[in-house]
Number of protein chains: 2
Amino acid sequence: MEHYGQLPLNQSQTRTGRKREDILTLSNRVGDTVLFRARVHNSRAQGNKMCFLNLRQRTESVQALLVVTPERVSKQMVKWAAGLATESIVLVEGVVEKVAEPIKSASVSDVEVHINTLHLISGVDGRLPFSVEDANRPEAEVEAENSQYNRVLLETRLNNRVVDLRTQTNQAIFKLQAAIGKFFRDYLEGHGFTEIHSPKLQGAATESGASVFKVSYFKGGAFLAQSPQLAKQMAIAADFERVYEIGPVFRAEDSNTHRHLTEFMGLDLEMTIEEHYHEVMEMLDGMLVNIFRGLRDQYTNEVEVVRKQFPADEFKWREGPEGTFRMTFKEAVDHLVADGVDPEVLDDINTENEKRLGRIIKAKYDIDYYIIDKFPMSLRPFYTMPDPEDPTLSNSYDFFMRGEEILSGAQRIHDPSLLCEKMKQKGVEPDSMKLYVDAFRMGCAPHGGGGIGLERVLMLFLKLNNVRRASLFPRDPKRLEP
Amino acid sequence: MEHYGQLPLNQSQTRTGRKREDILTLSNRVGDTVLFRARVHNSRAQGNKMCFLNLRQRTESVQALLVVTPERVSKQMVKWAAGLATESIVLVEGVVEKVAEPIKSASVSDVEVHINTLHLISGVDGRLPFSVEDANRPEAEVEAENSQYNRVLLETRLNNRVVDLRTQTNQAIFKLQAAIGKFFRDYLEGHGFTEIHSPKLQGAATESGASVFKVSYFKGGAFLAQSPQLAKQMAIAADFERVYEIGPVFRAEDSNTHRHLTEFMGLDLEMTIEEHYHEVMEMLDGMLVNIFRGLRDQYTNEVEVVRKQFPADEFKWREGPEGTFRMTFKEAVDHLVADGVDPEVLDDINTENEKRLGRIIKAKYDIDYYIIDKFPMSLRPFYTMPDPEDPTLSNSYDFFMRGEEILSGAQRIHDPSLLCEKMKQKGVEPDSMKLYVDAFRMGCAPHGGGGIGLERVLMLFLKLNNVRRASLFPRDPKRLEP
């Protein structure tokens, strides 16, 4: 084979089994001849005898150098390399060499690769919608005076999500998304939880008919589950004791905000309680703190990569013997009133006041994470257990990150007659959910749980300012593609 | 509090933090007074001074004994206990005592609990549709001559799934279901895969319009994803290198068979290949064998529990240096022809012949698991890479367990012009999937993958004879509840 050129389309013609390298490991391979597949992040010729290539693999990159040499590297080869389109995928063979000065433009800064052979595996057909370099640039640099950089708008990114996802920032964001799921599961499995998978197709609109998607189902109709709420409670009635699920949640709300998606990933759990629903609240808290700690301590590199594009204060929570900061709904209202909010609007705490409360707590305690307990019964769904002393209050809680809600949960009603009573009060006909109510007639242990929006946790931990950035292919009322 | 009686509805009134036990640990607690929550599996009075209770927690059970004693246990208390409905949930305090003869009716056979106090946490309201004991009985016992046992039909079970799921068999089945997911993830994360979550709501009907569910989406329409195929391939084009997903898959096929569901869990993966698609096939194989080995070695107890109700030969595969048994599609056809099947019907291998092939391979090699490689191009979707030598063949494979397909996969076409050509040949308009095709125009590494039906793996490993038994709340053309 020639020293350069386009390879035939890979249809699995050959299998040499020759090892190919990760760019990340090249620092330890000085003097070795290595083979690796990478993207051309950029290339620049210097005269007609030399060409520099920046080669990328996910969050890593290395500088490679092609210089005319007798026998091996021709002028034609250098010209061909200099003409390679950005984002082409190439197969490189070269020698790893130590460099005198650190290379700032690459993540691997102490070595470069002197190319012997260079082949095109997959080219680019047409024009890129934007460059990955532009897409990876911090907003501040784009906005700086005299900046010549192209801004890549969120819409453009999402329309061309495949290219957008190649930025080092996005590669890191989705490693962190996977890490959150992993910490969630590991913690819960360590505490005796079983993973379940509940159906997303439902025979009846659940919880409330308003915000549910309708599906054509053979000759009839079905609905998309708004959460695994009913199924996970039925799993408790079926003696599963402690269950969790990671699965899509569908909300047909026409909300075009920075934090709403029509489809998002729910991290859900439900568990029996022995005596008190704070057993659940504390489990959720322990699990979330375990996630925060895991991201901070085990994913330092990925968090750093994201902060280069999205600068943010470190996410803080209260550790030590005192534990996570908690307040009741009433105390939260008191904080807001003391800060000047009109008490008359505080039957509920709207998004604006949620954020204000976040700022108050941040200013007072320097923390970004806290729990509000004891929500008024009127604000919670029918399946929420009322407080034993004050029937206007409920055994329910929300968890917050940087002033935005990420988790909602409660003790549930496991008594069928109280459940039916509360359903009627909220305008839900018990007969429309007969099999759910029946589950409690067959005997059910006291239980509680909660549901977390995965994308919100990710967005708020990293301060990404839009939940779409935390979703691989986001869905909202106006977006169903790609 | 009295020594017995109904507790007030638990609304989290108190929190003593007093430890409650797992039945499983009682063998080590001889002489101790213990407290635990359990279901009344059954109760039988002996005269008016004594009552035996079989108490159950998931797959475990223990015998408890209530005997009239001065001061503590009255005749009234024994009468009350004897009257407790099966499936009630009780809180028991008692002393653990060694027994002389093993107790056959309980999973904990070496001790029993002498009850001091007994309280009802949650009663049963109405009649149970069937007893958990009946639901847990092996078919052979029900069918035995002179059997007086009630058969519980699958329909009845599924209509009352919450009670059915309480059987020890089902408790074990769903622990095994969770274990399969865990082994899948652990293996892939150990091999550099990242978990992704792709949208189930799609703007266009994908792959083929025939078997897709339509959703009302605000003022327009959407479709439910038939698999994460397109999204996971786009993740590869976006440089994720190796991805996996565990998520629901929706198929609008009106198939009322033992192995079809309209919603099932897909275990999906996609990875770049360096040279040859057998890199993917071997990854899938290694991962599946890791699951089989894990279930056999780490879940012996659960597999045993299931086999009591569903007797089955041990699931076998070829280990050692030879590795998993593989054959080409052509070799599979040859096996069938040699067994007497008319070659004219073997352009495709239908379900019946799939099973026949399973029996042939079982008889010849004593294995239940094998791979068929090199399917004809005509049988595979448009995105399948053709074989480099013979364009009528493809770089694609199916995996089988006990003569049924559980996994389908292939090398994919990463070249946009070949992709468009194959789309047109299969009657798919490339423009209808523009963003998908565009992903490959922006440069994409060679790649392949596969998708596994979680419920099928579970059903076939355990030989459950119906996929609905392997789904928590199964969905089929006639069932959307519970």
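Residues numbered from 1 in each chain as written. Chains lettered and ligands numbered in written order. Predicted model: local features only at pLDDT ≥ 70, side-chain atom pairs only at ≥ 80, totals over all residues. Heavy atoms only, no water.

Caption draft 1: Geometry of the pairing of strand S10 (residues 220–224) of chain A. Residues and elements named next belong to chain A. Here strand S8 (residues 201–202) pairs with S10 via two bridges, running antiparallel. Looking at the pairing, Gln202 lines up with Phe223 of S10. When strand S9 (residues 214–217) meets S10, the two strands line up antiparallel, connected through four bridges. In the sheet register, Tyr217 faces S10, and the bridge partner there is Gly220. Remark: two residues form the turn of the hairpin made by S9 and S10, two consecutive strands paired antiparallel; Phe218 in that turn has positive phi of roughly 50°. (Pairing = 2+ DSSP bridges. Helix = DSSP H or I, 4+ residues; strand = E, 2+ residues; numbered from the N terminus.)

Caption draft 2: Representation of the side chain of A:Asn10. Among the secondary structure elements, A:Asn10 is positioned in the loop between strand S1 (4–6) and strand S2 (33–46). A polar contact is formed between the side chain of A:Asn10 and the backbone nitrogen of A:Ser12, at a distance of 2.7 Å. Only 3.3 Å separates the side chain of A:Asn10 from the backbone oxygen of B:Glu275, close enough to count as a polar contact. Not counting chain neighbours up to four residues away, the residues in contact with A:Asn10 comprise B:Ile273, B:Glu274, B:Glu275, B:Met385, B:Gln411, B:His414 and B:Pro446. (Polar contact = N/O pair within 3.5 Å; in protein donor to acceptor, adjacent residues only side chain to side chain. Contact = heavy atoms within 4.5 Å.)

Caption draft 3: Seen up close, the relation of the copies chain B and chain A. If you rotate chain B by 180° and push it 0.0 Å along the axis, it lands on chain A with an RMSD of 0.0 Å. The operation mapping one copy onto its partner corresponds to a two-fold rotation axis. For chain B, the minimum C-alpha distance to the rotation axis belongs to B:Val215 and amounts to 2.2 Å. Most of the interface of chain B is mirrored in chain A, where 100% of its interface residues are also at the interface. (Least-squares fit on C-alpha atoms with pLDDT ≥ 70 in both.)

Caption draft 4: Looking closely at the sheet that holds strand S16 (residues 404–411) of chain A. Residues and elements named next belong to chain A. Here eight strands make up an open sheet; going across it, the order is S7-S11-S12-S17-S16-S15-S14-S13 and the pairing mixed. Looking at strand neighbours, the two that pair on one side only are strand S7 (194–195) and strand S13 (325–328), the edges of this open sheet. In this sheet, strand S11 (residues 242–250) lies alongside S7 in parallel orientation, the contact comprising two bridges. Each residue of the ladder has a partner; that of Thr194, found in S11, is Val243. Its contacts with the sheet put helix H10 (residues 329–338) on S13 and strand S14 (369–373), and the angle it makes with S13 is roughly 90°. (Axes fitted to C-alpha atoms, helices over the stretch in contact; angles between N-to-C directions.)

Caption draft 5: Representation of helix H9 (residues 300–309) of chain A within the structure. Residue and element names in this part refer to chain A. The set of residues buried in H9 consists of Glu302, Val303, Val305, Val306 and Gln309. Down the axis of H9, the buried side of the element spans an arc of 160°, and every buried residue falls inside it. At its buried positions, H9 is contacted by helix H2 (132–135), helix H3 (139–143), helix H4 (154–159), helix H6 (168–189), helix H8 (278–298) and helix H14 (454–462). (Buried < 20%, exposed > 50% of the residue type's maximum accessible area, 1.4 Å probe, protein only. Arc of directions from axis to C-beta.)

Caption draft 6: Spotlight on the confidence of the model for chain A. With 99% of its residues at a pLDDT of 70 or more, chain A shows a mean pLDDT of 95. The ipTM for the predicted assembly is 0.96, set against a pTM of 0.96. (pLDDT = per-residue confidence, 0-100.)

Caption draft 7: Fine view of the packing of H6(A) against H8(A). Residues and elements named next belong to chain A. H8 packs onto H6 with a crossing angle of 135° between their chain directions and a minimal axis gap of 9 Å. When the interaxial angle is binned, H6 and H8 end up oblique. When the axes of H6 and H8 are compared, the crossing they make is right-handed. Touching Leu176, Ala179, Ile180, Phe183, Phe184, Tyr187 and Leu188 of H6 are Met283, Gly286, Met287, Asn290, Ile291, Gly294, Leu295 and Gln298, all from H8. When its residues are assigned to classes, the contact of H6 with H8 shows 11 nonpolar, four polar and no charged. (Parallel < 35°, antiparallel > 145°, perpendicular 65-115°, else oblique. Left-handed = near helix turned anticlockwise from the far one by under 90°. Nonpolar A, V, L, I, M, F, W, Y, C, P; charged D, E, K, R; others polar.)

Caption draft 8: The arrangement of the interface of chain B and chain A in detail. Each partner contributes residues to the interface: chain B has 110 residues there, and chain A has 110 residues. Both faces considered, chain B and chain A share a buried interface measuring about 9,600 Å² in area, 55% of it formed by carbon and sulfur atoms. Of all residues in chain B, B:His197, B:Glu275 and B:Met442 bury the most surface against chain A, accounting for 8% of the area lost on that side. With its nearest N and O atoms 3.2 Å apart, the salt bridge here joins A:Arg56 to B:Asp239. Looking at the side of chain B that touches chain A, the element that brings in the most residues is helix H6 (residues 168–189) of chain B, giving seven residues. Looking at the side of chain B that touches chain A residue by residue, the class counts come to 50 nonpolar, 27 polar and 33 charged. (Buried area = accessible area lost by both parts, 1.4 Å probe. Salt bridge = Lys/Arg side-chain N within 4 Å of Asp/Glu carboxyl O.)

Caption draft 9: Representation of the packing of aromatic side chains within the structure. What the rule picks out here adds up to 44 aromatic pairs over all chains. Seen from their ring centres, B:Tyr4 and B:Trp80 are 5.4 Å apart, and the 50° between their planes marks the pair as tilted. Here B:Tyr4, found in strand S1 (residues 4–6), pairs with B:Trp80, found in helix H1 (residues 75–82); they are 76 residues apart in sequence, far enough to count as distant. Taken together, a centroid distance of 6.3 Å and an interplanar angle of 55° make the contact between B:Tyr369 and B:Phe399 tilted. A residue pair is termed long-range when its members are at least 10 positions apart, and B:Tyr369 in strand S14 (residues 369–373) and B:Phe399 in strand S15 (residues 396–401) qualify at 30 residues. Accessibility expressed as a relative area gives 0% for B:Tyr369, which makes it buried. Each member of the aromatic cluster is reached from another via a ring pair, and the members are A:Tyr277, A:Phe292, A:Phe315, A:Trp317, A:Tyr369, A:Tyr397, A:Phe399 and A:Phe461. Above the plane of the ring of A:Phe375 lies A:Arg380, whose end atom (NZ or CZ) is 4.4 Å from the centre. (Phe/Tyr/Trp six-rings, centres within 6.5 Å; stacked < 30°, edge-to-face > 60°. Lys NZ or Arg CZ within 6 Å of the ring centre and 35° of its normal.)

Caption draft 10: Expanded view of the domain arrangement of chain A. Residues and elements named next belong to chain A. Assigned domains within chain A: domain 1 (4–122), domain 2 (132–164) and domain 3 (168–470). The straight-line distance from the C-alpha centre of domain 2 to that of domain 3 is 33 Å. Buried surface at the junction of domain 2 and domain 3, summed over both partners, amounts to about 770 Å²; 39% is from carbon and sulfur atoms. Summed over the three residues of domain 2 that lose the most area to domain 3, namely Asn136, Leu154 and Arg161, the buried surface amounts to 58% of that side. (Domains from an automatic or database assignment.)

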